[in-house]
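In case you want the letters, here they are:
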Amino acid sequence: MNFESLNLHESLLSALKTAGYTEATEVQQRAIPPALDGRDLMVSSSTGSGKTASFMLPALTKVIAGRNDPAQRPRPGVVAGPRILVLVPTRELAIQVSKAASNYGRHVRGLRVATVVGGVPYGLQLRQLSGPLDILIATPGRLMDHMQSGKAVLANVEMLVLDEADRMLDMG
């Protein structure tokens, strides 16, 4: 099945083509349509099967759709916080997911993605959190630090992704 048949936005299809992806994997074929319909999913698939695209493409679709809806645009001077929150267990996975978001969203004008993880100075993360934000990718510990300080505003999250939730639970 090709990506065009999944009803993805033209800018996402263009990015997928640029990245050399033509056919959706099985997990993408099964997960993307219900995710686009706003349904809750629990997906399990092997490493390298395309799980990240399975949630990131619907997330980016939501961002694009929100840009066309005046009611979903942040008001001037108000920090809206992210519309999409992706929690991951490790800094390494956060960096991979962030690269995927930037790669798939390369043709989404003005896409704002922030990554909040431990082991990185707070200054950069605070700057990323202070402006308008579409997607926030974070590890739980550092996100909780920013939430406790009032810097991470999650009131406008419309889509939550727990990537490798089983691993996060194993880590406590």
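Structure first, text after, so check above.
Numbering of residues starts from 1 in each chain and follows the order in which that chain's sequence is written. In view of the model being predicted, local features appear only for residues whose pLDDT reaches at least 70, and side-chain atom pairs are presented and counted only at 80 or more, with totals across whole chains, interfaces and linings using the full set of residues. Excluded from the side-chain calculations are hydrogens and water; all other atoms, namely the structure's heavy atoms, are used.

Asks: Run through the sheet that holds strand S2 (residues 113-116), naming residues and quoting values.
Replies: Across the sheet, four strands lie side by side as S2-S3-S1-S4; this open sheet has parallel pairing. What marks the edges here is a single partner per strand, and that holds for S2 and strand S4 (159-162). Each strand axis lies, on average, 15 degrees off the axis of its neighbour in the sheet, ignoring direction. Here four bridges tie S2 to strand S3 (residues 135-138), and the two strands are oriented parallel to one another. Looking across to S3, one finds that Val-113 is bridged to Ile-135. What makes two strands pair is DSSP finding at least two bridges between them. Runs of H or I in DSSP of at least four residues are treated as helices and runs of E of at least two as strands, each being numbered from the N terminus. Helix axes are fitted to C-alpha atoms over the stretch in contact, other axes to C-alpha atoms as well, and angles between N-to-C directions run from 0 to 180 degrees.

Asks: Report on helix H1 (residues 10-18), specifying residues and quantitative values.
Replies: Buried within H1 are the following residues: Ser-11, Leu-12, Leu-13, Ala-15 and Leu-16. Of the surrounding secondary structure, the elements contacted by the buried residues of H1 are helix H3 (51-67) and helix H4 (91-104). Relative accessibility under 20% of the residue-type maximum defines a buried residue, over 50% an exposed one, and the middle range a partly exposed one, all with a 1.4 Å probe and only protein chains included. Contact between two residues is taken to exist if any of their heavy atoms lie within 4.5 Å; hydrogens are not considered.

Asks: Go over the nonpolar core, please, and point to the residues and values.
Replies: The biggest cluster of nonpolar side chains holds 31 residues, and the ones touching the most others in it are Met-56, Leu-57 and Val-86. With eight residues, H3 is the single largest residue contributor to this core. Excluding anything up to four places from it in sequence, Met-56 contacts Val-86, Val-97, Ala-101, Tyr-104 and Ile-135. Note on terminology: a nonpolar core comprises buried Ala, Val, Leu, Ile, Met, Phe, Trp, Tyr and Cys residues joined through side-chain atoms within 4.5 Å. Formed by eleven residues, the second largest nonpolar core is a distinct cluster that contains Leu-85, Ala-114, Leu-129 and Leu-133.

Asks: Any chance you could break down the environment of Thr-47 for me, citing the residues and the numbers?
Replies: Within the element layout of this structure, Thr-47 appears in the loop between helix H2 (26-36) and H3. Residue Thr-47 is classed as exposed on the basis of its relative accessible area of 79%.

Asks: Go over the side chain of Ser-54 with me, naming the residues and quoting the values.
Replies: Following the sequence through the fold, Ser-54 ends up in helix H3. Residue Ser-54 is classed as buried on the basis of its relative accessible area of 5%.

Asks: Mind laying out the packing of helix H5 (residues 122-130) against helix H6 (residues 140-148), listing which residues take part and the relevant values?
Replies: At their nearest, the axes of H5 and H6 sit 12 Å apart, and the two run at 65 degrees to each other. As summarised for this structure, H5 and H6 are arranged roughly perpendicular, according to the angle between their axes. In the packing of H5 onto H6, the handedness of the crossing is right-handed. Residue-level contacts link Tyr-122, Gln-125, Leu-126 and Leu-129 of H5 to Arg-142, Asp-145 and His-146 of H6. Among the residues forming the contact of H5 with H6, the class breakdown is three nonpolar, two polar and two charged. Under this scheme an angle from 65 to 115 degrees is roughly perpendicular, one under 35 degrees roughly parallel, and one over 145 degrees roughly antiparallel; angles in between are oblique. Each crossing is labelled by how the near helix is turned from the far one, with a counterclockwise turn of less than a right angle marking it left-handed and a clockwise turn marking it right-handed. Each residue is assigned to one class: nonpolar for Ala, Val, Leu, Ile, Met, Phe, Trp, Tyr, Cys and Pro, charged for Asp, Glu, Lys and Arg, and polar for all the others, Gly among them.

Read these as geometric descriptors, not functional statements.
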